[in-house]
Every structure is written in C-alpha cells, then in structure tokens.
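# Secondary and tertiary structure notes
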Amino acid sequence: MELYKLHNPLIRMVNRKQTHLATERKGSYVSKFHVMRNAVGPKYQKKSLSELLQSTSSLIAGVQQKQMVKKVPLHTAYPSWPSMSTSVMHDKPWDVVTLQSAYEINFSDLTGVYNQGFTTAYNTLVEEGLTSDTMTIDWVKNHYGLIVWKIASMARQLSLTHLWSYSNIIEQLRHRYEVEYKQGRRSAFRLIVEHDDTAAKHMVLCVANITVLGPSISLDLTDGWYIMKALLDLPLQYLVRNRKIFKGQKLHIQNAQLVGCTNPIHIMQLPSSVYLKLSCNSTRRARWYETLGYQPRPLPPISISCVMNEGGMISLVDVLILRSYPVLFYEKVEKGGVYRTIQEEEQEIKSWMIEQEAHFVKETELLLHDISDLNERQRVVDRIRNNMKRRTIQVCKTFLICDHPPSSKLINHKKMYLTLWLNSNDQENELIEGSRYRIHNTISKTNQQLKSCKKTYWKLLECDKDIRKELYRPRELLPISSLLELSISDEFDAVVLILGVEIISDSKSGNLISSKILVIDDSKHPMEILLNTLPQRFKSIQVGKVILFKNLEMCQSTQLLLKSRTGSYSEWFTHLAAPFTKSTRFDAVEKLTPFIDDLCLQFQSQYDSLGMTDEIDDY
C-alpha cells in the first residue's frame, strides 16, 4: 500500500460533516487509505478504494505542499519570541521564555497586575537592607534574567512548575548576594576577567545565545552567574551551522584564551571587545545535569582520530609510543629552515666555527690597523665578537603514536606522528618506545601530525599488557626474505651488505640527487634501497660495507627483488646501535664480506641497470 510521509506534526483535514485530526510525529509514515477513510465524509466511503484514492489525491497533495517544512538559513533559524506583554498571559509562560526575553518577564502581584520584574526585585532587596553600592540595578537585572531562564527550563523540561514564582526568584537573588558579596566566592567568569584565575582551566559553560554576523559565528556563554562572548574557530562554526551546538546546550571547555582584557576589570563593566577564544579540539559537549563553572578534574583525553586539523590546542591525549625516531636539529635561515641529523649538525658546527674565525681575523686586521691604544683595541675586538653571526637552533624528536584505548575491545588503529620540540630537561625525560603516556597541550599541525608547544608536558602511565601486545610491534632486525610479508609503507630495520651503488645526478648541474644501492644479507635475498631523502646523509656508503639501517620503508615486493626506500627518519650505522646492541645478525652478515666479488657477479644479472661504483663520496 502506498505510503505518504507527513512533514507536519499536525495535519487538519476539514469536511463539512466530519473533521479529523491526524496527529502524527514529523517524519512518520501513515497509510494513504487509512488517512482518507477517516478524513472524508460518509458519502465518499461508499466508493471503491481506487475511486477514493483518485478523488482525494489532490487534497493530500495540496495539504502537503502548504505544510511542508522548509529549511531556512542559519540567520533566520532562531526566531524572535513573542513579547512578554503577551507571553506572560500564556497558560504556561515558561514555554516561550528565552534568555533574551527573561529580563522582561513580569510576575503578577496580589491584585493580578503583572508588574513584578527586575526593578521591583531591586527595590525589594534594597528595602531588606542589602547594600546598594555593590548590588546595583544592573547586577540585579543580570541575575534576574539568568534565574528566570533557568527556572523556565526546569519547569519546561523537568515539570518543576512550582518553582515558577516571584518569591522563589527573590530568594535566589538573596542567595547569590550572600555567596558573592558576603562569602566572597566568585564565579569562573568573574575570576577570569579580574585576572585571579585562568581561562585555560576546565570549565562547563552553557550556550545562552548564537550570533551570526556574515560568515562568522559567535556564542554568548554563561557560567550560571554572568555572560561572556566567545569567538569560535572554523571547526566549531561548522558544528554550529550543522546544529551540533545549539542554545541551551552545555559544553566542556578547556584551553580557552581571554582576548582584549589586559588589565583586571569588573564583570559588570565588561566592554564588548573582551571575549573568550575557543578551540574545537578542547571543546566537548556536556550532559544536561553537569554543574556550570570550573571543574575539579581536567578534560578527559580525546582520541587522535577525533583531532581536527584547524581545531587549535588539544588538551589531552592518551597514547602508546609505537616508534621513536632520531633527534633532528632545526636551524632558522634566511629562506626558511633546515633540518639536520646529529652527524650533520656536528659537521655544520665545525664549518661554522672555521667560517666565523676567518671572518673575525679579517675584521680585526682591517679595523685595528690604525689603532694603537690597548683599551680601544680591546673595545673594537669585543664589538666585533658581539656583532658576529649567531645560529638559532632548536632540537626536535618525532614519534609514531596511536591511541591507548580503555579496553582491548575498543582499539582504534589510526596512527599519527608527534613532533616534540625539546629542551635539556625534556631530553632527560625522553619518551620510550612501547610505553604509554598522557600528553597535555599539543597542537594539530596536519591531519597526520601533532606538535608540541611551550605548555606541552607528559606523564608516564602503566600500559595494559593485552593492548600493548595488540598495538606495539617491538623492533627486530628482519632478514630480507621475511620482508615479503610486509605491506607497502611499512617500516622495518635490517642489517645488510652493500653489493653495488648507482648514482642519480642532475643532467644539467651534475649535482647528486639520489642514489640506489643493491644489498643482501645472510638469507641470500637481494634488495634495492633508494636513498631519496637528503642523499648527503648517506655519504661514505661503500661497496663491501655492512650497514645497519633503521626505519626503512617498504616500496615493492617481488620474489626476485625487493624494493625499499629511506624516509625522513631513516638512519644508518656501520656498527650495532640501540636497541640492537646484543644482536648476532651483524656478525652473520659480516661473514659474507670475503665472498663479496662472487655475490656481485651472482646478482649483477638481476640488476643490469646498476652502475657500479666504490662509494657515494667518489662521485
């Protein structure tokens, strides 16, 4: 039987002899025949089903076309509510109360006149002896509106209609005056703008209003006592446009920033230029019963799969360290920056010292030629040394991480890179592979990478054994024959013997671009390694040397020849390095060295394109 979707919660079909109300929820399905048999007069019920459907199809089409719910733009999705002069006479006045209208609510007095509003409340409190110097009429109006809005919500959602009374509002105003001015307890917003606490702490706030100004969206947030404006980043604005954040919703907020308030100011004198700046990665929806204001515990960790690229700072992640990559040194130069390994940094330091010493000698000879006074000569020398070029170096280390779930049943296999900018203290407390950490205050750099900031710190936690076994694969020196089981882009470590080197250079400049090497190990299976990342790191790789490679990436696997490549975090050593200091594979591969000539002849036919050379430095 054909079904019609009723887009309006109430469809009224009128007939001269009978009126039928089909009260169905929006989106529900109702039988076409059922609606028409109950909606039309008796004279139509004598007709057959086909005649009935044909005679009434136009009626249904007309009703649905008129009452179809239309999507409206965001700026018209929040209609203005009726004025209080009309809504206060409503049977259930709390049903139409918003925060904007709550300030104008008037309750009836004993004579039935609706004249008891925030002005009357202010006069009542002053007559009771409350100090008018601190309790201004603006203070009363602010709290009056928030109290009325809260009570209206409780009456509407929890059926606590007995709270909807003027006497109850006066009682709550007395309580707020007692707490704020006699007990000296201040709300979160007041502590923030008076610079007695920080906006970065974990708070639960309620969305009081949504303002749309062109493409940008801002929120009015309340801590239950006062209201502040909040500026949103792009992901949060997207959530507002898609109705994931709405009026009356409570939000967990951490790492907020106070903008436009350099000096302490009273909350009631707050200018419109002062606001909070929120980040999506540190904002989460809260339950309706959460207490507003500061929270005793920080925001729970979020999954790295939920991290938004432009979502700002991430308050906390609970991760397992899968891989630890080598330390890199970053130097700021005129045209950007350069990353160097430890060996490259040592070489750069030597070159820089030689260059600076030559420059110093040249400058002193030029400037001290006509100066005979010893004191003046010393001053010139000091000035030359102070004006010498200085290097700006930062140390960073990258890790491959994944979520540490609360149980082995909730494992999320997404992985992400984490780059930590280290200082001397951080290097002493370095993150260890296979360990679990809670890392605070990181920033999303891209969809696949996080980075640290000045506020970043971490704490070592105990790791669940089952989860660690499921997610973490310890490092091991794999024989080349076993690499067939790996997938493309999987990382591995291996000890190999160099059989040949092919140089890839620029045809115009002749500069070294990259190089390929043919290697083998004791499994007697050849492999090609493309040194495509900063070839200068792999200089002095000679034919016949035994090399330990760490963090190679698999490219292609065939039965005849495996292909791999170096990545941004690949390393090579001519000796065993941590964590393979007790491995025997290095000795096993070294035993192939006397047979290097025979091995080269054996595999040269499988690798005809290889141009043999002794080492990369010879090029």
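What counts as what
- What you see as residue numbers is a count from 1 along each chain, following the sequence as written.
- Since the coordinates come from a predicted model, pLDDT governs what is reported: local features require at least 70, and pairs of side-chain atoms require 80 or more to be given and counted, while whole-chain, interface and lining totals use all residues.
- The basis for every side-chain value is the complete set of heavy atoms in the structure, and neither hydrogens nor water enter the calculation.
- Strands are runs of DSSP state E lasting at least two residues, helices are runs of H or I lasting at least four, and both sets are numbered from the N terminus onward.
- Burial classes follow relative accessibility: with a 1.4 Å probe on protein chains only, a residue under 20% of its type's maximum area counts as buried, one over 50% as exposed, and anything between as partly exposed.
- Contact definition: two residues touch when any of their heavy atoms are within 4.5 Å.
- Accessible surface is estimated by sampling points in the Shrake-Rupley manner with a 1.4 Å probe; for residues, cover comes only from the protein chains shown.
- Here, nonpolar core means buried Ala, Val, Leu, Ile, Met, Phe, Trp, Tyr and Cys residues that are tied together by side-chain atoms lying within 4.5 Å of each other.
- What counts as a salt bridge is simple: a side-chain nitrogen of Lys or Arg found within 4 Å of a carboxyl oxygen of Asp or Glu.
- Strands pair, by our definition, only if DSSP identifies at least two bridges between them.
- Pairs were defined over the aromatic rings of Phe, Tyr and Trp, the Trp ring being its six-membered one, requiring ring centres within 6.5 Å. Orientation was assigned from the angle between planes: stacked under 30 degrees, edge-to-face over 60, tilted for the rest.
- Charge-over-ring contacts are defined here by two conditions on Lys NZ or Arg CZ: a distance within 6 Å of the ring centre and an angle within 35 degrees of the ring normal.
- Axis lines are fitted to C-alpha atoms, over the contacting stretch for helices. Their N-to-C directions set the angle, which ranges from 0 to 180 degrees.
- It is the rotation of the near helix from the far one that decides the hand of a crossing: anticlockwise by less than a right angle makes it left-handed, clockwise makes it right-handed.
- Only Asp, Glu, Lys and Arg are considered charged, only Ala, Val, Leu, Ile, Met, Phe, Trp, Tyr, Cys and Pro nonpolar, and every remaining residue, Gly among them, polar.
- To be clear, the arc concerns the directions from the helix axis to the C-beta atoms.

## Let's talk about the overall build of the chain
- The number of helices and strands found in the chain is 16 helices and 26 strands.
- The buried share of the chain, reckoned over its 619 residues, is 43%.
- Pairs at least 24 residues apart make up 67% of the contacts formed inside the chain by residues separated by at least 6 positions.
- A total of about 34,700 Å² of accessible surface is found on the chain, and carbon and sulfur atoms cover 51% of it.

## Regarding the nonpolar core
- Val 148, Trp 164, Phe 189, Leu 219, Leu 221 and Leu 278 are the most contacted members of the largest nonpolar core, which has 62 residues in total.
- With ten residues, the top contributor of residues to this core is helix H7 (residues 137-158).
- Each residue touching Trp 164, except ones within four places of it in the same chain, is listed here: Pro 93, Trp 94, Val 97, Ile 105, Phe 107, Val 148, Ile 151 and Ala 152.
- Membership of the second largest hydrophobic core comes to 21 residues, among which are Ile 529, Leu 531, Ile 541 and Leu 562.

## What to know about the environment of Leu 160
- By the element assignment, Leu 160 lies in the loop between H7 and helix H8 (166-182).
- Those residues in contact with Leu 160, other than ones at most four positions away along the chain, are Met 154 and Ala 155.

## Some points on the pattern of salt bridges
- Considering all chains together, one arrives at 22 salt bridges under this definition.
- Between Asp 318 and Arg 436 there is a salt bridge, with the nearest N and O atoms lying 2.6 Å from each other. Of this pair, Asp 318 sits in strand S15 (residues 313-324) while Arg 436 sits in strand S20 (residues 436-446); the two residues are 118 residues apart in sequence, bridging distant segments of the chain. In terms of burial, Asp 318 and Arg 436 fall into one category: buried.
- Lys 550 serves as the salt-bridge partner of Glu 571, at 4.0 Å between the closest nitrogen and oxygen. Remark: Lys 550 occurs in strand S25 (residues 546-556) and Glu 571 occurs in strand S26 (residues 562-573); sequence separation between them is 21 residues. Here Glu 571 and Lys 550 have matching classes, each one buried.
- Here the salt bridges do not stand alone but share partners, grouping Glu 180, Arg 186, Arg 190, Glu 194 and Asp 196 into one network.

## Quick notes on the pairing of strand S7 (residues 203-213)
- The buried fraction of S7 is high, at eight of eleven residues.
- When S7 meets strand S10 (residues 250-253), the two strands line up antiparallel, connected through four bridges. Across the sheet, Cys 206 pairs through a bridge with Lys 250, a residue of S10.
- Note: S7 against strand S14 (residues 293-294), two bridges, orientation antiparallel. Counterpart to Val 204 in the pairing with S14 is Gly 293.
- Where S7 and strand S8 (residues 216-222) come together, seven bridges link them in antiparallel fashion. Its bridge partner lying in S8, Leu 213 is registered against Ser 216.
- Linking S7 to S8, which pair antiparallel, is a turn of two residues; within it Gly 214 sits at a positive phi near 65°.

## Some thoughts on unusual backbone geometry
- With a phi angle near 60°, Asn 255 is a residue other than glycine that sits in the positive phi range.
- Residue position: Asn 255 is located in the loop between S10 and strand S11 (257-259).

## Considering the packing of aromatic side chains
- According to the stated counting rule, one finds twelve aromatic pairs in the structure shown.
- When the ring of Phe 107 is compared with that of Trp 164, the centres are 5.1 Å apart and the planes differ by 50°; the resulting orientation is tilted. With Phe 107 in strand S5 (residues 107-108) and Trp 164 in the loop between H7 and H8, this pair connects stretches of sequence that are 57 residues apart.
- Judged by relative accessible area, Trp 164 falls into the buried class, the value being 14%.
- Look at Tyr 330 and Trp 421: their rings are 5.8 Å apart centre to centre, the planes differ by 75°, and that puts the pair in the edge-to-face class. Of this pair, Tyr 330 sits in strand S16 (residues 328-333) while Trp 421 sits in strand S19 (residues 415-422), placing them 91 residues apart in sequence.
- On the basis of relative accessible area, Tyr 330 is assigned to the buried category, the value being 16%.
- A relative accessible area of 26% places Trp 421 in the partly exposed class.
- Grouped by ring-pair contacts, the aromatic residues Phe 107, Trp 164 and Tyr 166 constitute a single cluster.
- The ring centre of Trp 225 lies 4.9 Å from the NZ or CZ of Arg 176, which sits over that ring.

## Observations concerning the packing of helix H11 (residues 342-367) against helix H12 (residues 374-386)
- Packing of H11 against H12 brings their axes to within 10 Å, and their N-to-C directions diverge by 145°. By crossing handedness, the relation of H11 to H12 is classed as right-handed. Where H11 abuts H12, its residues Phe 360, Glu 363, Thr 364 and Leu 367 lie against Val 380, Val 381, Ile 384 and Arg 385.
- Within the contact of H11 with H12, the residues separate by chemical class into five nonpolar, one polar and two charged.

## Side note on helix H6 (residues 118-127)
- All of the buried residues in H6 are Phe 118, Ala 121, Tyr 122 and Leu 125. Considered in projection along H6, the buried side chains sweep an arc of 100° and stay on one side of the axis.
- For H6, the secondary structure elements touched by its buried residues are H7 and H8.
- At the C-terminal side of H6, Gly 129 shows a positive phi close to 100°.

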